[in-house]
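Structural overview
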Amino acid sequence: MTIIFQWIFRDVSKNVSRAQFLRGDFSASRSAIRPPWAAVEKDFVEACSRCGDCIGACPEKILEKGRGGFPHVNFGLGECTFCGDCARSCKTGALDVERAPWRLKAQIAPSCLALKQVVCRSCGESCPTGAIRFRIAAGAVARPELDAAACTGCGACVGPCPVAAVTVAELDAQIAA
């Protein structure tokens, strides 16, 4: 029994929130996408008062109340322009423009239409930084390529994807996946 608890608690030092712990997400890999400039999940949950000021301040209307009333980003509604209004409206310090906005990057799943030889370039056409490009191949449909260095994680590519093959995730979560 002690060995089991040691195994469970060995990863809890990775700033796992109480909600993540109770859901069994000891690696913090299933956390909601918080607004830009959010503190690490554990600190964010402790600092956020769930007042909704950041949600109301977002001109893109991509912030929603999520589990427990905490704000999260819904890229299905649009993209983040990194205007900073959400962070400037936060009175608790859960969001702070002095931090980096986030370490999110786009991911393209194998269910992508172009990877299945169907012509589709919706993600690349909607990417404001040109981070998603399509490489032309002789006798095949152009395949998407992601330039992670150019990707800001804005989420502009998520909503237009007809098969939800494009997601945005924390950089460390992608490496672990």
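It should be emphasised that the depicted structure is a prediction, and the values quoted were computed from it without experimental measurement.

Bringing the side chain of S122 into the picture now. Along the chain, the position of S122 falls in helix α6 (residues 122-126). Here the side chain of S122 touches P160 through a polar contact of 3.4 Å, landing on its backbone oxygen. Among all residues touching S122, those that are not within four sequence positions of it are P160, C161 and P162.

A separate point is the environment of C58. Tracing the sequence through the fold places C58 in the loop between α4 (53-57) and β1 (63-65). Relative accessible area serves as the criterion here: at 8%, C58 is assigned to the buried category. A sequence separation of 25 residues divides C58 from C83, and the C-alpha atoms of the two residues are 8.5 Å apart.

So, about the side chain of R34. Mapped onto the elements of the fold, R34 is located in the loop between α2 (18-22) and α3 (41-47). Under the relative-accessibility criterion, R34 is labelled buried at 13%. A distance of 2.8 Å separates a polar atom in the side chain of R34 from a polar atom in the side chain of E41. Among all residues touching R34, those that are not within four sequence positions of it are E41, F44, V45, F70, P71, H72, V73 and W102.

A separate point is the environment of V166. In this structure, V166 sits in strand β6 (residues 166-170). Looking at V166, the relative accessible area reads 4%, which means it is buried. Counting along the chain gives 43 residues from V166 to C123, while the straight-line C-alpha distance between them is 7.6 Å. Each residue touching V166, except ones within four places of it in the same chain, is listed here: Q107, I108, C123, C157, V158 and C161.

This next bit is on the nonpolar core. Within the largest apolar cluster, 38 residues are counted, with the highest numbers of intra-cluster contacts made by F44, L63, F75, L95 and C157. Where this core is concerned, the elements lending two or more residues are α4, α5 (85-89), β3 (104-108), β4 (132-137), β5 (140-146) and β6.

Let us now look at the packing of aromatic side chains. Per the counting criterion, the structure on display carries 4 aromatic pairs. Seen from their ring centres, W37 and F82 are 6.4 Å apart, and the 90 degrees between their planes marks the pair as edge-to-face. Here the residue W37 occupies a position in the loop between α2 and α3, and F82 occupies one in the loop between β2 (71-73) and α5, the gap between them amounting to 45 residues. You can call W37 buried: its relative accessible area is 8%. Residues F75 and W102 carry aromatic rings whose centres are separated by 6.0 Å and whose planes lie at 80 degrees to one another, so their mutual orientation is edge-to-face. Here the residue F75 occupies a position in the loop between β2 and α5, and W102 occupies one in the loop between α5 and β3, the gap between them amounting to 27 residues. In this structure, F75 and W102 share a single accessibility class: buried. In textbook terms, an aromatic cluster arises when at least three aromatic residues are bridged by ring pairs, as seen for W37, F75, F82 and W102.

On average, residues of the chain carry a pLDDT of 86, and 79% of them reach 70 or more. In the predicted structure, residues 4-9 sits below a pLDDT of 50 and forms 3 contacts with residues beyond four places in sequence or in another chain.

Let us now look at the environment of R99. Tracing the sequence through the fold places R99 in the loop between α5 and β3. By relative accessible area, which is 29% here, R99 ends up partly exposed. Each C-alpha atom, one on R99 and one on P36, is 9.0 Å from the other, the two residues being 63 residues apart in sequence. Beyond its immediate sequence surroundings of up to four residues, R99 is in contact with W37, A38, A39, G93 and A94. A distance of 3.2 Å separates a polar side-chain atom of R99 from the backbone oxygen of W37. From its side chain, R99 meets the backbone oxygen of A94 in a polar contact 3.0 Å long.

How each quantity is defined
- Along each chain, the written sequence defines residue order, and numbers are assigned to residues from 1.
- With the structure being a predicted model, the display of local features is reserved for residues of pLDDT at least 70 and the display and counting of side-chain atom pairs for 80 or more, all residues being used for whole-chain, interface and lining totals.
- Water and hydrogen atoms play no part in the side-chain values, which are based on all heavy atoms of the structure.
- For the purposes of this entry, the term helix denotes a DSSP run of H or I that reaches at least four residues, the term strand denotes a run of E that reaches at least two, and both are numbered from the N terminus.
- We define a polar contact as two N or O atoms separated by no more than 3.5 Å, with the added condition that, inside protein, one atom must be a possible hydrogen donor and the other a possible acceptor, whereas residues neighbouring each other in sequence contribute only through side-chain atom pairs.
- What makes two residues a contact is simply this: any of their non-hydrogen atoms within 4.5 Å.
- Classification of residues uses two cut-offs on accessible area relative to the type maximum, computed with a 1.4 Å probe and protein chains only: under 20% is buried, over 50% is exposed, and between them is partly exposed.
- Residues belong to a common nonpolar core when they are buried Ala, Val, Leu, Ile, Met, Phe, Trp, Tyr or Cys residues joined through side-chain atoms within 4.5 Å.
- Any two rings among Phe, Tyr and Trp, with Trp reduced to its six-membered ring, count as a pair given centres within 6.5 Å; such a pair is stacked if its planes are under 30 degrees apart, edge-to-face if over 60, and tilted if neither.
- Across the chain, each position has a pLDDT score giving the predictor's confidence in that residue, from 0 to 100.

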